[in-house]
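Geometric and topological summary
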Amino acid sequence: MGPYALLIFIPALCAVALVSSLSPPEVHRLTFFFQMGWQTLCHLGLHYTDYYLQEPPPVRFYITLSSLMLLTQRITSLSLDICEGKVEAASGGIRNRSSLSERLCEALPYFSYLLFFPALLGGSLCSFQRFRACVQRPSSSHPGISLWALTRRGLQILGLECLKGALRRAASAGAGLEDCRRLECIYTLWSSAGLFKLTYYSHWILDDSVLLAAGFASEAGQRTGEEGYVPDVDIWTLETTHRISVFARQWNRSTARWLRRLVFRPSRRWPVLQTFAFSAWWHGLHPGQVFGFLCWAVMVEADYLIHTFADACIRSRPLRLLYRALTWAHTQLIIAYVMLAVEGRSLSSLCRLCWSYNSIFPIVYCVLLLLLVKRKHKRN
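**What to know about helix 1 (residues 6-21)**
The first and last C-alpha atoms of helix 1 sit 22 Å apart over 16 residues, in line with the 22 Å expected at 1.5 Å per residue. Considered for burial, the residues of helix 1 that qualify are Ile8, Pro11, Ala12, Ala15, Val16, Val19 and Ser20. An end-on view of helix 1 places all buried positions within 160° of arc, on one side of the element.

**Focus: empty space enclosed by the protein**
Under the criterion given, the structure shown has 1 cavity of 30 Å³ or more. Quantified by volume, the largest cavity comes out at close to 150 Å³. Around the largest cavity sit 15 residues that line it, and Arg74, Ala119, Ser124, Leu125 and Cys126 are the ones nearest its centre. When residues of the lining of the largest cavity are assigned to their parent elements, the largest contribution, 3 residues, is made by helix 3 (residues 59-83). Of the residues belonging to the lining of the largest cavity, the class tally is 10 nonpolar, 4 polar and 1 charged.

**Comments concerning the nonpolar core**
Residues Leu189, Tyr201, Ile244, Trp251, Phe276 and Trp296 are the most contacted members of the largest nonpolar core, which totals 50 residues. A total of 11 residues in this core trace back to one element, the largest contributor, which is helix 15 (residues 317-344). Those residues in contact with Trp251 that lie beyond four places of it in its chain are Lys197, Tyr200, Tyr201, Trp204, Leu238, Ala256, Trp296 and Met339. Core analysis: the second largest hydrophobic core is formed by 43 residues, Leu125, Leu211, Phe216 and Tyr229 among them.

**Comments concerning the pattern of salt bridges**
Counted by the stated rule, this structure contains 8 salt bridges. For the salt bridge of Lys164 with Glu161, the shortest nitrogen-to-oxygen distance reads 3.3 Å. With Lys164 and Glu161 both in helix 8 (residues 147-172), this residue pair falls 3 residues apart, about one helical turn. Among the charged side chains, a salt-bridge network with shared partners connects Asp81, Glu84, Lys86 and Arg261.

**Remarks on the side chain of His286**
Looking at the secondary structure, you find His286 in the loop between helix 13 (271-283) and helix 14 (287-313). Engagement of the side chain of His286 in a polar contact is seen with the side chain of Tyr51, the distance being 2.6 Å. Other than its neighbours up to four places away in sequence, His286 contacts Leu46, His47, Tyr51 and Arg345.

**Observations regarding a nonpolar patch on the surface**
Together, Ile360, Ile363, Val364, Val367, Leu368 and Leu371 give the surface a local cluster of nonpolar side chains, amounting to about 480 Å² of exposed area. Mapped onto the elements of the fold, Val367 is located in helix 17 (residues 360-379). Accessibility expressed as a relative area gives 41% for Val367, which makes it partly exposed.

**Concerning unusual backbone geometry**
Positive phi values are uncommon outside glycine, yet Gln54 reaches one of about 55°. Mapped onto the elements of the fold, Gln54 is located in the loop between helix 2 (24-52) and helix 3. Its identity is not glycine, yet Trp270 carries a phi of approximately 50°, on the positive side. Relative to the helices and strands, Trp270 resides in the loop between helix 12 (253-264) and helix 13.

**Some words on the packing of aromatic side chains**
For any pair of aromatic rings, geometry is given as the distance between the ring centres together with the angle between the planes. Tallying each qualifying case throughout the model produces 21 aromatic pairs. Here the aromatic rings of Tyr48 and Tyr52 are separated by 5.2 Å at their centres, their planes lie at 20°, and the arrangement is stacked. Here Tyr48 pairs with Tyr52, and both are found in helix 2, just 4 residues apart, close to one helical turn. Taking the relative accessible area as the measure of exposure, Tyr52 reaches 62% and is therefore exposed.

**Notes on the confidence of the model for the protein**
Mean pLDDT over the protein stands at 88; residues scoring 70 or higher make up 92%. Confidence, expressed as mean pLDDT per element, reaches its minimum in the protein at helix 4 (residues 91-95) with 52 and its maximum at helix 13 with 96.

**Focus on the environment of Ile314**
In this fold, Ile314 is placed in the loop between helix 14 and helix 15. Each residue touching Ile314, except ones within four places of it in the same chain, is listed here: Leu319, Arg320 and Tyr323.

**Re helix 2**
In this model, helix 2 (29 residues) spans 41 Å end to end at C-alpha, consistent with the 42 Å of a helix rising 1.5 Å per residue. Within the sequence span of helix 2, burial applies to Val27, His28, Thr31, Phe32, Gln35, Met36, Gln39, Cys42, His43, Leu46, His47 and Thr49. In this fold, the buried residues of helix 2 make contact with helix 1, helix 3, helix 12 and helix 13. Phi for Gln54, located one or two positions after helix 2, is positive at around 55°.

What counts, and where the lines are drawn
Residues numbered from 1 in each chain as written. Predicted model: local features only at pLDDT ≥ 70, side-chain atom pairs only at ≥ 80, totals over all residues. Heavy atoms only, no water. Helix = DSSP H or I, 4+ residues; strand = E, 2+ residues; numbered from the N terminus. Expected span 1.5 Å × (residues − 1). Buried < 20%, exposed > 50% of the residue type's maximum accessible area, 1.4 Å probe, protein only. Arc of directions from axis to C-beta. 1 Å grid on protein atoms, 1.4 Å probe; cavity = no way out; pocket = protein on both sides within 12 Å on 5 of 7 lines; lining within 4 Å. Points joined across faces, edges and corners; volume = space filled by probe spheres on them. Nonpolar A, V, L, I, M, F, W, Y, C, P; charged D, E, K, R; others polar. Core = buried A, V, L, I, M, F, W, Y, C linked by side-chain atoms within 4.5 Å. Contact = heavy atoms within 4.5 Å. Salt bridge = Lys/Arg side-chain N within 4 Å of Asp/Glu carboxyl O. Polar contact = N/O pair within 3.5 Å; in protein donor to acceptor, adjacent residues only side chain to side chain. Patch = residues over 30% accessible without salt bridge, like charges linked within 9 Å, V, L, I, M, F, W, Y side chains within 5 Å. Areas by Shrake-Rupley, 256 points an atom, 1.4 Å probe, with all protein chains shown as cover. Phe/Tyr/Trp six-rings, centres within 6.5 Å; stacked < 30°, edge-to-face > 60°. pLDDT = per-residue confidence, 0-100.

Below, the structure written as C-alpha cells:
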C-alpha cells in the first residue's frame with residue numbers, strides 16, 4: 001500500500017486507544033462513529049479524485065479502501081463484543097497500571113486482531129474470541145493443513161477463472177447496455193453480472209484458502225454457543241435459490257451476519273431499509289451503490305410478501321414447480337440488475353442501466369409489492 005498504509009494504521013491505533021480507555025457501555029458508539037467517519041473521509045477523497053478531478057485514483061488507494069472496510073468490520077465487532085460483555089474490557093486494568101510496558105501488553109491483543117494481515121486481504125470475519133483462542137492454541141493441538149482441501153479450492157478457483165474467460169469472450173461479442181435491443185439487453189445484463197459474480201466467487205475461495213493455511217478457518221477456536229466459521233461463499237445456494245432474501249443472507253455471509261448484528265437487530269423501524277442503507281454508506285456512497293442497495297432493500301421487502309402470498313395460494317405441485325422456476329429466473333435477473341448498478345458506481349452508468357429494458361424486472365416486483373401492501377391493509 002505504500003504511504004496509503006497510514007490510512008490503516010491511524011484508525012487502528014485510535015481504535016485501540018478508545019477501546020482501552022472507554023467504559024464498556026460507551027465504547028461501541030464512539031468507536032463506531034469515529035471509524036465510519038474516518039472511512040467516509042477516505043471515500044470522499046476517492047469521490048473527489050474520481051468525479052471532480054476526473055483522474056483515475058491509484059490502485060494502491062483502492063486496495064487501502066478495501067482493507068479499511070474490512071478493518072471497520074473488526075473494530076465494530078470488537079466494540080460490540082465489549083459492550084455486550086463477551087470480551088472483558090481492558091480499560092479498567094489499564095487505568096490501574098502506571099507502567100507503559102504493562103499498558104502495551106494489554107493493548108497488544110487488540111493490535112494483533114485489528115492488523116491481522118490475512119484478514120486485511122479478505123476472508124470471513126473472525127470474532128476476537130476466536131482469534132485469541134486460535135493464537136493461544138498450543139502447537140500440539142494445531143490442526144494440520146489438509147492438502148486435499150487446499151487442492152480442491154485451487155481447482156475451484158481454476159475452474160471459475162476458466163469459466164470467467166469463456167464468458168468474457170462471449171460477452172465481448174454482444175452489444176453493451178447503451179445500444180442493446182430488447183431481449184439482447186437481458187443477455188447483456190446476465191453476462192455482465194456473471195463476470196462480476198465469478199470474480200467474487202474466486203476471490204472469496206482464495207481468501208478462505210489463505211485463512212485455512214493460516215489455521216483460522218477451522219472449528220478449533222470456537223467457544224460454546226458461538227457461531228462457527230462460515231466461508232463467505234456458497235455457490236450452490238446463490239445460484240439455485242428463487243428468493244432474493246435468501247440470496248441477500250448468503251451473499252458474502254460473514255458480512256451479512258455482521259450487518260445483521262450491527263444494524264438489523266437493533267433497528268426498531270424499517271430494519272431491512274436501514275441495513276441496506278448502511279451497506280451503501282459502508283461501501284462508499286457512490287450513486288450506483290446508493291441506488292443499487294436501496295433497490296435491493298425494496299426487492300427483499302417484496303420478496304417476503306410475494307412468497308408468503310404464493311405459499312398460501314399455490315397448492316398443486318406442477319404450479320409450484322412452475323412458480324419456482326419463474327421466480328428463480330426473476331431473482332437472478334434482479335440480482336444481476338442490482339449488481340450492475342452497484343459495480344457501475346457512476347451516475348452515467350446508472351442512467352444507462354435505468355433506461356434499458358432490464359428495468360422491467362425490478363418494476364414488476366415494485367408493482368407486486370404495492371398491490372400486496374394494499375391488499376394487506378384492506379384485510380386489516
